[in-house]
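Take a look at the letters that make up each chain.
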Amino acid sequence: MTQVVITGTGLFTPEHAIDNAALVKTFNAWVEAENARQAEAIAAGERAPLQPSSEAFIVKASGIHSRYVLDAEGILDPERMRPRLPARDDDALSLQGEMGVAAATEALEAAGVTAGDIDLVIVACSNLERAYPAVAVELQAALGAGGHAYDMNVACSSATFAIDAATNAIRAGSASRVLVVSPEICSAHLNFRDRDSHFIFGDACTAIVLEDEAVATAESRFEVLGTRLVTRFSNAIRNNAGFLNRVTDSDPLAADKLFIQEGRRVFKEVCPLVAGLIDEHLESLSLSSGDLSRLWLHQANRHMNDLIARRVLGRDPSPEEAPVILDRYANTSSAGSIIAFHLHRADLAPGALGVVCSFGAGYSAGNVVVRRR
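Residues numbered from 1 in each chain as written. Predicted model: local features only at pLDDT ≥ 70, side-chain atom pairs only at ≥ 80, totals over all residues. Heavy atoms only, no water.

Caption draft 1: Focus on the environment of Asp 249. Looking at where Asp 249 falls in the secondary structure, it is placed in the loop between β9 (237–238) and β10 (260–261). What makes Asp 249 exposed here is its relative accessible area of 69%. Considering only alpha carbons, one finds Asp 249 and Gly 366, 117 residues apart in sequence, at a separation of 35 Å. (Helix = DSSP H or I, 4+ residues; strand = E, 2+ residues; numbered from the N terminus. Buried < 20%, exposed > 50% of the residue type's maximum accessible area, 1.4 Å probe, protein only.)

Caption draft 2: A look at the nonpolar core. Counting residues in hydrophobic clusters, the biggest one holds 49 residues, and the most contacted among them are Val 274, Ile 278, Leu 295, Ile 308 and Phe 359. Of all the elements in the fold, those that place two or more residues in this core are α1 (20–37), α7 (263–284), β11 (292–297), α8 (302–313), β12 (353–360) and β13 (364–372). The element best represented in this core is α7, accounting for 9 residues. Non-local contacts of Val 274, meaning those with residues more than four positions away in its chain, are made with Ile 308, Cys 357, Phe 359 and Ala 365. Among the nonpolar cores identified, the runner-up in size contains 36 residues, and Val 178, Ala 204, Ile 325 and Ala 352 belong to it. (Core = buried A, V, L, I, M, F, W, Y, C linked by side-chain atoms within 4.5 Å. Contact = heavy atoms within 4.5 Å.)

Caption draft 3: Local environment of the environment of Trp 296. Structurally, the position occupied by Trp 296 is in strand β11. A relative accessible area of 0% places Trp 296 in the buried class. Separated by 291 residues in sequence, Trp 296 and Val 5 have C-alpha atoms that sit 17 Å apart.

Caption draft 4: How the structure looks around the packing of aromatic side chains. According to the stated counting rule, one finds 7 aromatic pairs in the structure shown. Taking 4.8 Å as the distance between ring centres and 85° as the angle between the ring planes, the aromatic pair formed by Phe 201 and Phe 259 counts as edge-to-face. In this pair, Phe 201 sits in the loop between β6 (177–185) and β7 (203–212) while Phe 259 sits in the loop between β9 and β10, placing the two residues 58 residues apart along the sequence. The pair Phe 201 / Phe 259 is uniform in exposure class, with both members buried. (Phe/Tyr/Trp six-rings, centres within 6.5 Å; stacked < 30°, edge-to-face > 60°.)

Caption draft 5: View of the packing of α7 against α8. With their axes 9 Å apart at the nearest point, α7 and α8 run at an angle of 35° to one another. Considering how the two elements wind past one another, α7 and α8 form a crossing that is right-handed. Contacts from Val 266, Phe 267, Val 270, Cys 271, Pro 272, Val 274, Ala 275, Ile 278 and Asp 279 of α7 reach α8 at His 303, Met 304, Leu 307, Ile 308, Arg 311 and Val 312. The class makeup of the residues in the contact of α7 with α8 is 12 nonpolar, 1 polar and 2 charged. (Axes fitted to C-alpha atoms, helices over the stretch in contact; angles between N-to-C directions. Left-handed = near helix turned anticlockwise from the far one by under 90°. Nonpolar A, V, L, I, M, F, W, Y, C, P; charged D, E, K, R; others polar.)

Caption draft 6: Just helix α10 (residues 335–343), in detail. Burial of α10 is extensive: 8 of the 9 residues sit out of reach of the surface. Turning to α10, its buried residues number three or more, namely Ala 335, Gly 336, Ser 337, Ile 338, Ile 339, Ala 340, Phe 341 and His 342.

Caption draft 7: Region of interest: the sheet that holds strand β8 (residues 222–231). Strands sit in the order β5-β4-β6-β7-β1-β8-β13-β12-β11 across an open sheet of 9 strands; the sheet is mixed. Either end of the sheet is taken by a strand with one partner, and the two such strands are β5 (148–152) and β11. This sheet shows a mean twist of 25° between the axes of neighbouring strands, independent of strand direction. Relative to β12, β11 runs parallel, the two being bridged by 5 bridges. In the strand pairing of β12, Leu 297 is matched with Cys 357. Together, β1 (4–12), β4 (120–124), β5, β6, β7, β8, β12 and β13 form the strand contacts of helix α6 (residues 158–172), whose direction differs from that of β8 by roughly 120°. (Pairing = 2+ DSSP bridges.)

Caption draft 8: Here's a closer look at the side chain of Asn 35. Structurally, Asn 35 can be placed in helix α1. Residue Asn 35 is classed as buried on the basis of its relative accessible area of 18%. In this view, Asn 35 contacts Ile 42, Pro 49 and Leu 50; residues no more than four positions away in its chain are not counted.

Caption draft 9: Just the packing of helix α4 (residues 95–111) against helix α5 (residues 135–143), in detail. The interhelical angle for the contact between α4 and α5, taken along N-to-C directions, is 50°, at an axis separation of 9 Å. Compared by their axis directions, α4 and α5 come out oblique. Once α4 is placed against α5, the crossing between them reads as right-handed. When α4 is examined against α5, the residues Gln 96, Gly 97, Gly 100, Val 101 and Ala 104 are found in contact with a partner set consisting of Val 135, Leu 139, Ala 142 and Leu 143. When the residues that make up the contact of α4 with α5 are grouped by side-chain class, the tally is 6 nonpolar, 3 polar and no charged. (Parallel < 35°, antiparallel > 145°, perpendicular 65-115°, else oblique.)

Caption draft 10: Just a nonpolar patch on the surface, in detail. A cluster of nonpolar side chains, namely Phe 243, Leu 244 and Val 247, defines an oily patch on the protein surface of about 350 Å² accessible area. With respect to the secondary-structure elements, Leu 244 resides in the loop between β9 and β10. (Patch = residues over 30% accessible without salt bridge, like charges linked within 9 Å, V, L, I, M, F, W, Y side chains within 5 Å. Areas by Shrake-Rupley, 256 points an atom, 1.4 Å probe, with all protein chains shown as cover. Salt bridge = Lys/Arg side-chain N within 4 Å of Asp/Glu carboxyl O.)

Caption draft 11: Representation of the pairing of β13. Taken across its 9 residues, β13 has 8 buried, putting it largely inside the fold. By the bridge criterion, 9 bridges tie β8 to β13 in an arrangement that is antiparallel. If you follow Thr 227 over to β13, its bridge partner there is Val 368. The pairing of β12 with β13 spans 8 bridges and is antiparallel. Bridge pairing in β13 places Gly 354 opposite Val 370. Linking two consecutive strands that pair antiparallel, namely β12 and β13, is a turn of 3 residues; a positive phi of about 140° is found at Gly 362 within it.

Caption draft 12: Quick peek at unusual backbone geometry. Of the consecutive residues Tyr 132 and Pro 133, the connecting peptide bond is found in the cis state with omega at 0°. The topology assignment puts Pro 133 in the loop between β4 and α5. Cis geometry marks the peptide bond from Gly 362 to Tyr 363, where omega comes out at -10°. Locating Tyr 363 in the fold gives a position in the loop between β12 and β13. With a phi close to 55°, Met 81 is a non-glycine residue in the positive phi region.

Spelled out as structure tokens, the structure:
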């Protein structure tokens, strides 16, 4: 069987960062103003007053301390509370294309290949900035890559699902080198006026080069031993924004057109689904949790990661075994587990085994077992 290896990764991190203190200050300013506007209704018992947020609440609920965003000014304006991302001319490189070029350039350099060596480009993320033309085809052109390209969306599992598609394409012989890029602009779909979720997301872009080992030249390689995917329908995480909104006459600014979730339900249902997926996948490869040196988990919530790691390992993980990056990046959707892999793999010895795992809306979960060569 053709051996598939990961030979390079890249990361684009926006220059703007917002810590919890700044985010809370803006949220509470809006709450105070909104409660003042609704004072009569609140006094009459017709509506409950909005509750303020706090730094302690955010850290306790999620483990997040800060996040990187493409625009901080618009988010921190109590009258706006959403990023300011001006529209670009059709002939200009798109925002996601720009993010993709930055991350891909680093990944290609690490792999020791040029864009012209790439046979397939997959842009996989939770939100694409347009329906068509595909951002992946635009990125292919901007980089000068060969072959073909396409977009895909499986929410927070997009990157691992794309790795599965890339691995299968290489093993089938339809590509020898694949570039997977995940430009996540999560700040644009987040409701910064929802106390339960206003702190969750950040922006970032990751890129991964996968190759047939027979053509790979990079010294650092991680062999893909196997991939496994699972989906199970659930409305617990949802975003109703779409092209049909204009013909169903729904409010394009309504809360349901942004990220919404039932957090406690998600925690209860997703954690056993993911832990079971990892266990079953390892067993199918004649491996056990004791063989693992690292778990690069989806970076959505610290409590979820801790519980999943405990269920898989049968004990509390060390910080090295299950690295956390959401404290400073927050939830970057499908990019999260790849950021963890990008930043926390260099210390592994040859032969070390690890799992890249993502999970999210759908429900969906994707698993990639790798071995350091």
